[in-house]
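Below, each chain spelled out in residue letters.
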Amino acid sequence: MLAIDRLCVFYGRIQALHDVSLEVRSGEIVSIVGANGAGKSTLLWTIMGVNRPRGGVITFEGRPLRSIPDEAASRGIALVPERRRLFANLTVKENLVMGAYLRKRGPEVAEDTERVFRLFPVLKERLSQYAGTLSGGEQQMLAIGRALMSRPKLLLFDEPSLGLAPALTEEVFRTIVEIKGRGTTILLAEQNAYKALEMADRAYVLETGRVTMTGPGPELLENPVVQKAYLGVKT
Ligand SMILES: Nc1ncnc2c1ncn2[C@@H]1O[C@H](COP(=O)(O)OP(=O)(O)OP(=O)(O)O)[C@@H](O)[C@H]1O
Ligand SMILES: [Mg+2]
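Residues numbered from 1 in each chain as written. Chains lettered and ligands numbered in written order. Predicted model: local features only at pLDDT ≥ 70, side-chain atom pairs only at ≥ 80, totals over all residues. Heavy atoms only, no water.

K.L.:
Quick question: what am I supposed to make of the coordination of the magnesium ion (ligand 2) here?
P.N.:
For a metal with four tetrahedral donors the ideal donor-metal-donor angle is 109.5 degrees, while six octahedral donors give ideal angles of 90 or 180 degrees. Coordination of the magnesium ion (ligand 2) by the protein involves Ser-41 (OG) and Glu-82 (OE), with metal-donor separations of 1.9 to 2.3 Å. Of this pair, Ser-41 sits in helix α1 (residues 40-47) while Glu-82 sits in the loop between β6 (77-80) and α3 (92-99), placing them 41 residues apart in sequence. Given the relative accessible area of 21%, Glu-82 is considered partly exposed. (Donors = N, O, S within 2.8 Å, 3.2 Å for Na, K, Ca; no water. Helix = DSSP H or I, 4+ residues; strand = E, 2+ residues; numbered from the N terminus. Buried < 20%, exposed > 50% of the residue type's maximum accessible area, 1.4 Å probe, protein only.)

See the structure below:
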């Protein structure tokens, strides 16, 4: 579904991604784990067309994905960004409608809003509340709901557990599995390596802009190098 081949991304003269190659197949959850500054967000924003790569090719459903605004979104890719990035001064409802802005208005949008409410009933109770006044967990649900409003084929998550209490983190990861169950393919960047690897069909370890390891999620979870570096296991 998504194929990334030897991607190189720079910020000025600093290279943030070095020949990164990865693949996401239809129906998978693929996780990218890595420490602060490893390049996870850079990779996701490059897929969304916000960062322009200096080298490499991104292919989506067999055709090159150009780094121009709306290309990714209009082809069915959505991002739940790090720290949610909601429209704080818009209400819950307005945020959801913004998520559907590339699509036709009308009954479809109402249907999708209902689907988001079935997934997150708490949002329905808070329809007219400003997004900026929601709790951290509610904001994360709204950010996921907003992304789902575009009916993405591929949904990218950037550290969805950041700043959430353990119980809410569990709920967010459960939701991600549920979204996969409904037919959306998932690419997930996380510092919470344990959860991210446990639930991943396949995963990639990103270290200072380079892919250093890849394999089935549960297999990487058992890897001593991964355990030492990302799971705090003492050897
Ligand atoms: N706009 C920018 N300008 C210059 N350098 C940047 C910019 N954004 C990111 N970087 C640098 O690129 C590298 C990768 O950053 P990135 O945000 O992709 O990492 P990350 O894996 O998402 O980290 P975190 O887990 O902290 O979110 C870092 O060294 C960072 O300082
Ligand atoms: Mg990041």
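After presenting the structure, the write-up continues.
K.L.:
Help me understand α3, please; the structure alone is not making it clear to me.
P.N.:
The periodicity of an α-helix, 3.6 residues per turn, causes residues three or four positions apart to be oriented the same way. Looking only at α3, the buried set comprises Val-92, Asn-95, Leu-96 and Gly-99. Relative to the axis of α3, the buried residues are bounded by an arc of 100° and lie together on one face. Against the buried residues of α3 lie α4 (107-119), α5 (121-125) and α6 (136-148). (Arc of directions from axis to C-beta. Contact = heavy atoms within 4.5 Å.)

K.L.:
Please clarify how the pattern of salt bridges should be interpreted in this entry.
P.N.:
Inspection of every chain in the model, using the stated rule, returns 17 salt bridges. With a shortest N-O distance of 2.8 Å, Glu-28 and Arg-202 are connected by a salt bridge. Of this pair, Glu-28 sits in the loop between β2 (14-24) and β3 (29-33) while Arg-202 is found in strand β9 (residues 202-207), placing the two residues 174 residues apart along the sequence. Each of the two residues, Glu-28 as well as Arg-202, counts as buried. For Lys-40, the salt bridge is made with Glu-159, and the minimal N-O distance between the two is 3.6 Å. Taken together, the residues span a long stretch of sequence, with Lys-40 in helix α1 and Glu-159 in the loop between β7 (154-158) and α7 (166-181) at a distance of 119 residues. As far as burial versus exposure is concerned, Lys-40 and Glu-159 are alike and both buried. (Salt bridge = Lys/Arg side-chain N within 4 Å of Asp/Glu carboxyl O.)

K.L.:
How should the domain arrangement of the chain be read in this particular structure?
P.N.:
Where the parts come together, the accessible area they lose is often given as the size of the interface. Per the domain assignment, the segments of the chain are domain 1 (1-76 + 152-235) and domain 2 (83-151). Summed over both sides, the interface between domain 1 and domain 2 buries roughly 1400 Å², with carbon and sulfur atoms accounting for 68% of that surface. Considering only the side of domain 1, the residues that lose the most area to domain 2 are Pro-152, Leu-162 and Arg-182, jointly responsible for 31% of the buried surface there. Inspection of the domain 1/domain 2 interface yields 0 salt bridges. Linking domain 1 with domain 2 are 1 residue pair in polar contact (both at pLDDT 80 or more), by the criterion used here. Contributing elements (two or more residues each) for the side of domain 1 that touches domain 2: α2 (71-74), β7 and α7. At 6 residues, the largest contribution of residues to the side of domain 1 that touches domain 2 is made by α7. For the side of domain 1 that touches domain 2, the per-class residue count stands at 11 nonpolar, 2 polar and 6 charged. (Domains from an automatic or database assignment. Buried area = accessible area lost by both parts, 1.4 Å probe. Polar contact = N/O pair within 3.5 Å; in protein donor to acceptor, adjacent residues only side chain to side chain. Nonpolar A, V, L, I, M, F, W, Y, C, P; charged D, E, K, R; others polar.)

K.L.:
Looking at this structure, how should I read the nonpolar core?
P.N.:
As a rule of thumb, nonpolar side chains are buried together in soluble globular proteins. Judged by nonpolar contacts, the single largest core of 44 residues is most densely connected at Phe-157 and Ile-176. In terms of residue count, the dominant contributor to this core is α6 (6 residues). Each of domain 1 (1-76 + 152-235) and domain 2 (83-151) contributes no fewer than three residues to this core. (Core = buried A, V, L, I, M, F, W, Y, C linked by side-chain atoms within 4.5 Å.)

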